[in-house]
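So the chains spell out like this:
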Amino acid sequence: MPHSHVLAAVLLAALSFPLSASAGPAGVRRPLAPPITGHALWDADRHQCWVFEASSEGVWSYDPAAITHWKWHGIGSFGAGLGQYGSGRNVFLDRARSRLVVPGFTQLGVLAIRTNMTWEFPSTQGAPLDLGAAVYDEAGDRLIALGEDGVLSQLTLSDPPTWSALAVVNPSLGIAGDQAMVLDPEHGVLVITGGTRWEGACQAYVPSYASWKLPLATLTWSALPALSVPGAYDMQFLWDGARHRVLAVGGRYGFFCEADGQWYEGASSQVYGLDPVAASPAWNLVTFRPDFRTSGAVVLDPDADRLLSFGGFSPSRGIIAAETWNEVLAMPFGGPTALAWAVQATGSPNSAQGSDFAFDPRRGHVLLHGGLRALSAYGDYATSGAIAAFDDPDTLWGAFATAHDAMDAAVAVDALHDRVVYFGGRSQSASPGSPPVWLNTTTVVSLASGAVTSPVTGTKPPARTHGSLVWDAQRQKFLLLGGENASGMPLHDAWLLDPATWTWSALATTGTPPSGDVRCAVYDPAAHVTLVHDSNGDVAVLAPGAGTDTWTVLGRVGDVPMLQSIALDTARHRLLGLDASLGVFEAALGGPSLAWNALHAPQATSVEAVAMYDAIDDRMLIGLRAMPQSPGKAGLWAVDFGAGALGVAGRGPGRGDALRLAGAQPSARGPEVECTLSTGVPARLEVFDVTGRRVWSRDVTALGAGVHRVRAGEGLALAPGVYAVRLVRGPEASTVRAVVIR
């Protein structure tokens, strides 16, 4: 219905960040940002997805086999002209001519994907009788479009493309508008279902759950069982050739109230399947998506035998605003997780004010904790203690654990001992009129199991928000710096948390501390010092001493950006800074002064963001958090610095299992791995440390075809830490992370 597309356009204009990747090695990319609405298709020749965005008429490609998995590539918009309603629903891959084809109401758009990726608009003869749902018939080299009255048109793709009517038998079978249609290419059978019909008497769109099939050989409609799912329109229809079934994903239902002029809608989370040529066809429940959403692009990835879902939004219910998603979900069909999109997957967690991000280098996970979240559209807010983990390379958010309810808490990861610690913050009850409470709670979470404990006893640091917590690897203790008390006054104290006894102790300091509020801190493992950035733009160094630590404020050279977060690039020994407009800056370390240089221009937006550094993959991770009343979702960006040390981790057939950890983890002797080799394919095993430096390499080609167990780093005394082990087989590479302890 036109209303749905207007809503999608409004949401995209109001809530989306720019999706295009900036040029250069420091380009900021928004990894989890496919279009919120649109249509997706699978390119079997290139093993990737094409996604067409309905409102902006732009095309994006997504490669699910890339190591970063977060790289969307904008192909660009061809501008208005095809007609948003028609073009947003239908986009097809013409494999014979290697092009995307988008039929519109008045013209045809094609994108040649082997040449300069520019749109062309060839002239067509005739006109579609109606342009609702459409399918691509590769065997007939044509598009088939179904109108709301059951009339079929076809567009032959040979030069010149020509529209003509198809002589359908008994076309008026009550087929509704906004229906979904798919083609069974093996039997040449069209299947449609769902849709809506306007009932003037009740001033509402009435959903239809009828299903029909039409063999192209006879062009005669016949009834199928009614769809057993609430979603009746705006449904995604796909053909699962491996299991010979139609997949019906999601959809919407609801009505328009003439009295208040509001739409009241709901969304289905079910995925149903049906074999249209079975002796007794029936819709069967296949799985559930983890939340209620609609209009997201859905496609089958045959390489990994899974269903991919991009974005989407929850329908509006009267004055309750719609909520958008911008992440990628995957539901594998083979294996033990066949009935879930991921283990405990919940999709991208809700945006929240004051949530905190942390990075687990052992697994390559980003953790999102807490924050102030909206409970309704009426101004009810409360803090949360939920921790969600983003799994790269699977590009999935999943529920992980629950720490104490807080916003603006301090967080630090101790990767070697597989734990993360949260301290303080501010809690807010959902009860009307309840005042916020400043906290000095300490919560410890196991990164291996998600087990949560509160082991601290004795003296505790004063309650605070915005404190900075780091893991001091030399002292083997957590260091807490700065923050604000309940009166909003900055704190300049320092505390140590000893995990051997789980007790806090005040740390004596001397020298010149930061003059402003401590905004963020990072630990430098090369110099064994902590670097602190304050609200005045200064960077101070806290160096350990005999019983007393010493503060030193580094000098300034040139302009100083106002940063909200910093990270440490261990590969280049430099500070990375991030401002509120997503401007990225760098400053080399090692001297008495800092000179900041811009790496990437601001994005003309203002958000709360946290910077983290993934040393093994040589990239800066940026966690975005929104105001609690915003209906957007928490997002991640990545700044790739181009070291390329780890190559590409394959995810296609046979590649994802080429390398796996074996034996006990962590290991004191170095990581033991199992690698699968093929006959005649050169193979090499390599080990990289957290700076991205290759520290060990061995040619394993001579081991021959089969599965082999190898001690990676054998003969080398690896220092304790996190490492990446890479297997290179010809043009392919697979990577696993391992931990070495002593």
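Residues numbered from 1 in each chain as written. Predicted model: local features only at pLDDT ≥ 70, side-chain atom pairs only at ≥ 80, totals over all residues. Heavy atoms only, no water.

The chain appears in an unreviewed UniProt entry as T9SS type A sorting domain-containing protein from Eiseniibacteriota bacterium.

### Observations concerning the environment of Leu469
Mapped onto the elements of the fold, Leu469 is located in strand β39 (residues 468-472). For Leu469, a relative accessible area of 7% corresponds to the buried category. Each C-alpha atom of the pair Leu469 and Leu496 lies 9.6 Å from the other, and the pair is 27 residues apart in sequence. (Helix = DSSP H or I, 4+ residues; strand = E, 2+ residues; numbered from the N terminus. Buried < 20%, exposed > 50% of the residue type's maximum accessible area, 1.4 Å probe, protein only.)

### Here's the deal with the sheet that holds β39
Taken in spatial order, the four strands make up an open sheet running β39-β40-β41-β42, and their pairing is antiparallel. Taken across any chain shown, the strands that pair with only one partner, and hence form the sheet edges, are β39 and β42 (503-506). Neighbour-to-neighbour, the strand axes of this sheet turn through a mean angle of 25°, independent of strand direction. Across five bridges, the pairing between β39 and strand β40 (residues 477-481) is antiparallel. Looking across to β40, one finds that Trp471 is bridged to Phe478. (Pairing = 2+ DSSP bridges. Axes fitted to C-alpha atoms, helices over the stretch in contact; angles between N-to-C directions.)

### Brief notes about the sheet that holds strand β11 (residues 142-146)
Strand order across the open sheet formed by four strands is β10-β11-β12-β13, with antiparallel pairing between neighbours. The two strands at the open ends of the sheet, each matched to only one other strand, are β10 (133-137) and β13 (162-166). Mean inter-strand twist for the sheet, computed between neighbouring axes without regard to direction, equals 25°. Where β11 lies against strand β12 (residues 152-156), five bridges are found, and the strand directions are antiparallel. Counted as the bridge partner of Ala145 is Ser153 from β12.

### A short note on the side chain of Gln154
Relative to the helices and strands, Gln154 is located in strand β12. Separated by 2.7 Å, the side chains of Gln154 and Arg142 make a polar contact. Among all residues touching Gln154, those that are not within four sequence positions of it are Arg142, Leu143, Ile144, Thr162, Trp163, Ser164 and Leu166. (Polar contact = N/O pair within 3.5 Å; in protein donor to acceptor, adjacent residues only side chain to side chain. Contact = heavy atoms within 4.5 Å.)

### Some details on the pairing of strand β54 (residues 608-614)
Side chains on a regular strand alternate between the two faces of the sheet. Summarising burial for β54: six of the seven residues are buried, a large majority. Following β54, the chain reverses through four residues before pairing antiparallel with strand β55 (residues 619-625); Asp618 in that reversal takes a positive phi of roughly 50°.

### Remarks on the confidence of the model for the chain
Across the chain, the average pLDDT comes to 75, with 68% of residues at 70 or higher. The model gives residues 335-347 a pLDDT under 50, and that stretch makes 40 contacts with residues more than four places away or in other chains. Per-residue pLDDT stays below 50 along residues 643-656; that stretch engages in 42 contacts with residues further than four places along the chain or on separate chains. (pLDDT = per-residue confidence, 0-100.)

### What to know about the side chain of Thr465
In this structure, Thr465 sits in the loop between β38 (452-453) and β39. Residue Thr465 is classed as buried on the basis of its relative accessible area, which comes to 4%. In terms of polar contacts, Thr465 uses its side chain to reach the side chain of His466, at 3.1 Å. Other than its neighbours up to four places away in sequence, Thr465 contacts Asp408, Gly425, Arg426, Trp438, Gly483 and Glu484.

### Quick notes on unusual backbone geometry
With an omega of -5°, the peptide bond running from Asp159 to Pro160 counts as cis. Summarising the element assignment, Pro160 is placed in the loop between β12 and β13. In this structure, Gln476 is a non-glycine residue whose phi angle is positive, near 55°. Structurally, Gln476 can be placed in the loop between β39 and β40. You can call Gln476 partly exposed: its relative accessible area is 32%. A positive phi is found at Trp502, a non-glycine position, where the angle reads about 55°. In this fold, Trp502 is placed in the loop between β41 (494-498) and β42.

### Re the pairing of β12
The buried fraction of β12 is high, at four of five residues. In terms of strand pairing, β12 meets β13 through five bridges, oriented antiparallel. When the sheet's bridge partners are listed, Ser153 is paired in β13 with Ala165. Counting the residues in the hairpin turn of β12 and β13 gives five residues.

### Focus: the pattern of salt bridges
Counted under the stated rule, the structure contains 22 salt bridges. The partner of Asp141 in a salt bridge is Arg97, with the nearest N and O atoms 2.8 Å apart. In this pair, Asp141 is assigned in the loop between β10 and β11 and Arg97 in the loop between β6 (92-94) and β7 (99-103), connecting sequence segments 44 residues apart. Across the pair Arg419 and Asp414 runs a salt bridge whose closest N-O atoms are separated by 2.9 Å. Comparing Arg419 with Asp414, the two get one shared label, buried. Residues joined in a network through salt bridges with shared partners are Asp94, Arg97, Arg99 and Asp141. (Salt bridge = Lys/Arg side-chain N within 4 Å of Asp/Glu carboxyl O.)

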